[in-house]
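Chain and residue survey
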Amino acid sequence: MADAMSTLLKRLACALVLLGAAGLGRAADADANLIERGRYLAVAGDCAACHTAAGKAPFSGGVAIASPLGTIYSTNITPSRAHGIGAWTQQQFARALRAGVRADGSHLYPAMPYTAYARITDDDTAALYAYFMHGVRADDTSPPRTELPFPFSVRMSMGIWNWLYLDGKPFEADTTRSAEWNRGAYLAQGLAHCATCHTPRNFLMAEQSSRYLQGASLGTWYAPDIRPGKPGWDRAMLVEYLRTGHARNGATAGGPMLEAIDKSFSKMAPEDIAAIATYLNDLPPGQRATAPPSAAVAVVAPLPRGDVEALAGRIGAGERLYRNNCASCHQADGDGVRGLPALRNHAVLRTPSADNVAMAVLEGVWPEDGQGMPGFAGELSDQEVADIGNYVMATFGGSKVAIDAARVRELRAGGAVSPLLLLARVGMVAAALALAVVVWQWLRRRKRRAGIPR
Ligand code: HEC
Ligand code: HEC
Ligand code: HEC
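Residues numbered from 1 in each chain as written. Chains lettered and ligands numbered in written order. Predicted model: local features only at pLDDT ≥ 70, side-chain atom pairs only at ≥ 80, totals over all residues. Heavy atoms only, no water.

Structural notes on the coordination of the iron atom of ligand 3
Rules: Atoms of type N, O and S within 2.8 Å of a metal are treated as its donors, and for Na, K and Ca the window is 3.2 Å; water is not considered, so some sites may appear to be missing partners. Square planar and octahedral sites, with four and six donors, are those where opposite donors lie more than 155 degrees apart and all other angles lie between 65 and 115, tetrahedral sites have four donors with every angle between 85 and 135 degrees, and the rest are irregular. Strands here mean DSSP runs of E at least two residues long; helices mean DSSP runs of H or I at least four residues long; both are numbered from the N terminus. When a residue's accessible area, from a 1.4 Å probe over protein chains only, is under 20% of the maximum for its type it is buried; when over 50% it is exposed; and in between it is partly exposed.
At this site the iron atom of ligand 3 is bound by His330 (NE2) and Met373 (SD), with donor distances of 2.0 to 2.1 Å. One can describe the site at the iron atom of ligand 3 as octahedral: its six donor atoms subtend angles covering 87 to 179° at the metal. Of this pair, His330 sits in helix 13 (residues 327–330) while Met373 sits in the loop between helix 14 (355–363) and helix 15 (382–397), and the two are 43 residues apart along the sequence. Met373 carries the same exposure label as His330, and that label is buried.

Overview of the nonpolar core
Nonpolar side chains in soluble globular proteins tend to end up buried together. Condition: In these notes, a set of buried Ala, Val, Leu, Ile, Met, Phe, Trp, Tyr and Cys residues joined through side-chain atoms within 4.5 Å is what counts as a nonpolar core. Any two residues whose heavy atoms approach within 4.5 Å are treated as being in contact.
By size, the foremost hydrophobic cluster in this structure holds 91 residues, and its most contacted members are Leu128, Phe132, Phe265, Met268, Ile276, Tyr322 and Val392. At seven residues, helix 15 tops the list of elements feeding residues into this core. Beyond its immediate sequence surroundings of up to four residues, Tyr322 is in contact with Ala327, His330, Gln331, Ala332, Gly334, Leu343, Ile388, Tyr391, Val392 and Phe396.

Describing the environment of Met133
One can find Met133 in helix 5 (residues 122–134). For Met133, the contacting residues outside a window of four places in its chain are Pro79, Ile85, Gly86 and Trp88.

Looking at helix 9 (residues 235–244)
Inclusion rule: Pairing of N or O atoms within 3.5 Å defines a polar contact, subject to two protein rules: one partner must be a possible hydrogen donor and the other a possible acceptor, and residues neighboring in sequence count only if both atoms are side-chain atoms.
Those residues of helix 9 lying buried are Met237, Leu238, Val239, Tyr241 and Leu242. Those residues of helix 9 that are buried are in contact with helix 10 (255–263) and helix 11 (270–281). Residue Asp234 occupies the N-cap position of helix 9, its side-chain oxygen lying 3.2 Å from the main-chain nitrogen of Ala236. Positive backbone phi, approximately 85°, marks Gly245, located one or two places after helix 9.

Overview of the packing of helix 7 (residues 179–189) against helix 11
Heads up, the rule is: Axes here refer to lines fitted to C-alpha atoms; in helices the fit is confined to the stretch in contact. Angles between the N-to-C directions go from 0 to 180 degrees. Oblique is the label for any angle not covered by the other classes, which are roughly parallel (under 35 degrees), roughly antiparallel (over 145) and roughly perpendicular (65 to 115). Here the term charged refers only to Asp, Glu, Lys and Arg, the term nonpolar to Ala, Val, Leu, Ile, Met, Phe, Trp, Tyr, Cys and Pro, and the term polar to all other amino acids, Gly among them.
One way to put it is that helix 7 packs onto helix 11 with a least axis distance of 7 Å and a crossing angle of 90°. The angle between helix 7 and helix 11 falls in the class roughly perpendicular. Residue-level inspection shows Glu180, Trp181, Arg183, Gly184, Ala185, Leu187, Ala188 and Gln189 of helix 7 in contact with helix 11, the latter providing Asp272, Ala274, Ala275, Ile276, Thr278 and Tyr279. Across the contact of helix 7 with helix 11, the residue classes tally to eight nonpolar, three polar and three charged.

Digging into the site of ligand 2
In plain terms, the rule: Whether a residue is near a molecule or strand depends on its heavy atoms: if one lies within 4 Å, it is near. These domain boundaries are the output of an automatic or database domain assignment.
Taken together, the neighbourhood of ligand 2 is formed by 26 residues, with Cys194, Cys197, His198, Lys230 and Met257 sitting nearest. In this structure, His198 approaches ligand 2 through a side-chain N or O atom, which is 2.8 Å from a nitrogen atom. With respect to ligand 2, the side chain of Lys230 contributes an N or O atom lying 2.5 Å from an oxygen atom. Put simply, the parts of the chain that give the shell around ligand 2 at least two residues each are helix 8 (194–198), strand 4 (222–223), helix 9 and helix 10. Residue composition of the shell around ligand 2, by class: 20 nonpolar, five polar and one charged. Viewed by domain, the shell around ligand 2 spans two of them, domain 2 (175–288) and domain 3 (294–412), each represented by three or more residues.

What about the site of ligand 1?
The immediate surroundings of ligand 1 are formed by 24 residues, with Cys47, Cys50, His51, Arg102 and Met112 found nearest. Here an oxygen atom of ligand 1 and a side-chain polar atom of Arg155 are 2.7 Å apart. Secondary structure elements with two or more residues in the shell around ligand 1: helix 2 (47–51), strand 2 (70–73) and helix 3 (90–99). The residue makeup of the shell around ligand 1, split by class, is 17 nonpolar, four polar and three charged.

Side note on the packing of helix 12 (residues 317–325) against helix 15
Contact pair helix 12 / helix 15: the axes reach a minimum separation of 8 Å and the direction vectors enclose 95°. Relative to helix 15, the element helix 12 is oriented roughly perpendicular. Judged by residue contacts, Ala317, Gly318, Glu319, Leu321, Tyr322 and Asn325 of helix 12 engage Glu384, Asp387, Ile388, Tyr391, Val392 and Phe396 from helix 15. The residue makeup of the contact of helix 12 with helix 15, split by class, is seven nonpolar, two polar and three charged.

Section: the side chain of Asp124
Residue position: Asp124 is located in helix 5. Setting aside chain neighbours within four positions, we find Asp124 in contact with Arg37, Leu41 and Tyr186.

A look at the pattern of salt bridges
Side chains bearing opposite charge may pair, as long as their charged atoms lie close to each other. Operational definition: For this document, the term salt bridge refers to a Lys or Arg side-chain nitrogen within 4 Å of an Asp or Glu carboxyl oxygen.
Tallied over the full model, the rule gives 21 salt bridges. Across the salt bridge formed by Asp124 and Arg37, the nearest N and O atoms sit 2.7 Å from each other. Taken together, the residues Asp124 in helix 5 and Arg37 in helix 1 (residues 2–44) connect sequence positions 87 residues apart. Here Asp124 falls in the buried class, since its relative accessible area comes to 7%. Its salt-bridge partner being Arg407, residue Glu410 comes within 2.7 Å of it at the nearest N-O pair. With Glu410 and Arg407 both in helix 16 (residues 405–412) and three residues apart, this pair spans about one turn of that helix. Since its relative accessible area comes to 34%, Glu410 is described here as partly exposed.

Some remarks on the layout of surface pockets
Stated precisely, the cut-off is as follows: Throughout, the protein atoms alone are placed on a 1 Å grid, and a set of points is a cavity if a 1.4 Å probe fits but cannot get out or a pocket if it is open with protein on both sides within 12 Å along at least five of seven lines; lining residues have an atom within 4 Å of a point. Grid points are joined across faces, edges and corners, and a volume is the space filled by probe spheres set on the points.
There is about 410 Å³ of room inside the second largest pocket. Forming the walls of the second largest pocket are 16 residues, and the residues nearest its centre are Thr115, Arg119, Asp167, Glu207 and Ser209. For the lining of the second largest pocket, the secondary-structure elements that each account for two or more residues are helix 4 (114–117) and helix 6 (157–165).

Let's talk about unusual backbone geometry
Phi angles above zero are rare outside glycine, and Gln331 is one such case at about 70°. Along the chain, Gln331 falls in the loop between helix 13 and helix 14.

Observations regarding helix 5
Cut-off, in case you're wondering: Expected helix span is taken as 1.5 Å per residue step, with the number of steps being one fewer than the number of residues.
For helix 5, with 13 residues, the first-to-last C-alpha span of 18 Å sits near the 18 Å given by 1.5 Å per residue. Most of helix 5 sits inside the fold, with 10 of its 13 residues counted as buried. Regarding helix 5, the residues found buried are Asp124, Thr125, Ala126, Ala127, Leu128, Tyr129, Ala130, Tyr131, Phe132 and Met133.

Concerning the environment of Pro149
For Pro149, the position within the fold is in the loop between helix 5 and helix 6. On the accessibility criterion, Pro149 (25% relative accessible area) is partly exposed. Separated by 80 residues in sequence, Pro149 and Leu69 place their C-alpha atoms 7.5 Å apart.

By themselves, these observations are geometric and do not establish any function.
The structure is reproduced here in C-alpha cells:
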C-alpha cells in the first residue's frame, strides 16, 4: 500500500516536472519568437546602417554621421553594460527609441531618427528590446564622443526642439483603410523612416510635414519626390525598386538609397514591401515632374572608334570626358551595354538637381551583388565632374538642371555646411530665448497667483 502510494507520488512528481518543462519550453519558444521578431524589426528599422561601423562588431556604434552642424557619432547599442545599453530597462530603451531621451535623461540628436521611430508600437518596442538584450552579442567598444559646436553642444536645446517638432504619438490604425494599407503606413512612417530622407527640412532641421515625401537634399545626395503620379513609375516598379534597387523603368539606386535597400528593404518580407507600396501609392499625387517626352532626348550617334582625341576640338568638354570615362559601360549613346544601365531617360536625370549624377561620378555605385561603378573622385576635377554631369543631364535626360564646379566642390566636402549652420544657430538661440521668456512669464504668473490670499 505504502509502496503503491509512493509510486503514485513519484509518477505525479514526474508528470509535474514534465509539465513544468513543457511550460518552460513554451516560454523559451516565446522568447525566441520575440527575439526573432525583434531581429526582423531591427532590419526594417535599418539600425545597422548607423550603429554598425565597417569592420566592427554589429551595433557597436562609432559610425560618423555628417550633419550640417558637424559630425555625430552613433552609440554602442549592444548589451554591454559598460559601453552599451546592457543596463537599460525596457522603459529606458523605449524612451530613447521613441522620444530621443537617454537613460541618464539627456537628449539625443535627431540624427537618430526617433521622430520616425515614435510611431513604433509598444509590442514592437518590446520585441526590439528583447533582440538587443538577448540576440545581439555584447561588445565593449567605446565609440568617439560627439562634440557639436555651441549651442548644439548643449543637449538640453534638443528638449526645446522636441517640444516644437516631436510628435510622440505611436501609430494608430485608420480603420477605414485596409490592413495592408495600415501595415504599409506603419512601416513607411515608422521603422522604414522614408520621410527622414525624402521630406524636406526647415531651417531648424525639422521635417516639414506639409511637404511630406516631396523630395529633399541630404547635403550630398538628393532624395527625390516619391509621391505617386510620377511619369515612368507605377506600384509594381516601386516594389521592384525597393526590393532590388532596380526597376523596369531603368531606375537604379545609388548612395544612401542603395544602402537602405541592400541592408534593409531587400531583406524585408515581400508582403511588407508590397504594403509600403500600397500606402505610398495611395498618397495624394504630386505635381507631375517636368519630364521631357522621350522623343526630345537626343540619340547621340556613336563616333568612329579611336577618334575621340582627334575630335576633342569639335565636341564639348562634357561629351569628350563622357566618352573617355563613361562610354565603356554606358555607351556613347547612353544606352548601356551588357546589362549595364542605360542613362538615356534614367530616373535620376529627372530630379530637380544634378547632385546625384555628380555624387554617382564622385563616389561610384556599389550594389552588394551585381555590377558596380567605380568612383572618379580621384581622377576628375570639380570642373570635369560638373561638365560630365551637365552633359549627361542635358543629353540623356533633356534636363535644364545644371551643376557648377563650386557645387561639386561642396559635394566632395560632404555638402553645404556653413550657411545652414549659421542659420540654425541664430534660429536655435532665438528659439531658446523665446522659450526662456515664456517660462519666465509663466513662473511669474504662478508666483503672483501663489501670493493671492484665499
Ligand atoms: C540614421 C541613423 C540611425 C539609425 C537608422 C538608428 N540610429 Fe540609433 N542612434 C543614432 C545616433 C547618431 C545616435 C546617437 C545620437 C546622439 O549622440 O545624440 C543613436 C542613439 C541610439 C540610442 C541611444 C544609445 C545611447 O547610448 O545613448 C539607442 C538606444 C538607439 N540609437 C537605438 C536604435 C535602434 C534600436 C535603431 C533601429 C530601430 C536605431 N537606433 C537606428 C543613429 C541612428
Ligand atoms: C537614408 C536615406 C533614405 C531613406 C531612409 C529612404 N530613401 Fe529613397 N532615396 C534616397 C536617395 C538619396 C534616393 C536617390 C537615389 C539615386 O538617385 O540613385 C532615393 C530614391 C528613391 C526612389 C527613386 C525615386 C526616383 O524618382 O528615382 C524611390 C521610389 C524611393 N527612394 C523610395 C523610398 C521609400 C519608399 C523609402 C522608405 C521605405 C525610402 N525611399 C527611404 C534616400 C533614402
Ligand atoms: C565600369 C562600368 C561603369 C563606368 C565606367 C561608369 N559607370 Fe555609371 N554605372 C555603372 C553601373 C553598373 C551602374 C548601376 C549600378 C546598379 O545597378 O545599381 C551605374 C550607374 C550610374 C548612374 C545612376 C546613379 C544613380 O544613383 O541612380 C549614373 C548617373 C551613372 N552611372 C553615370 C556615369 C558617368 C557619368 C560615368 C563616367 C564618369 C559612369 N557612370 C561610368 C557602371 C559604370
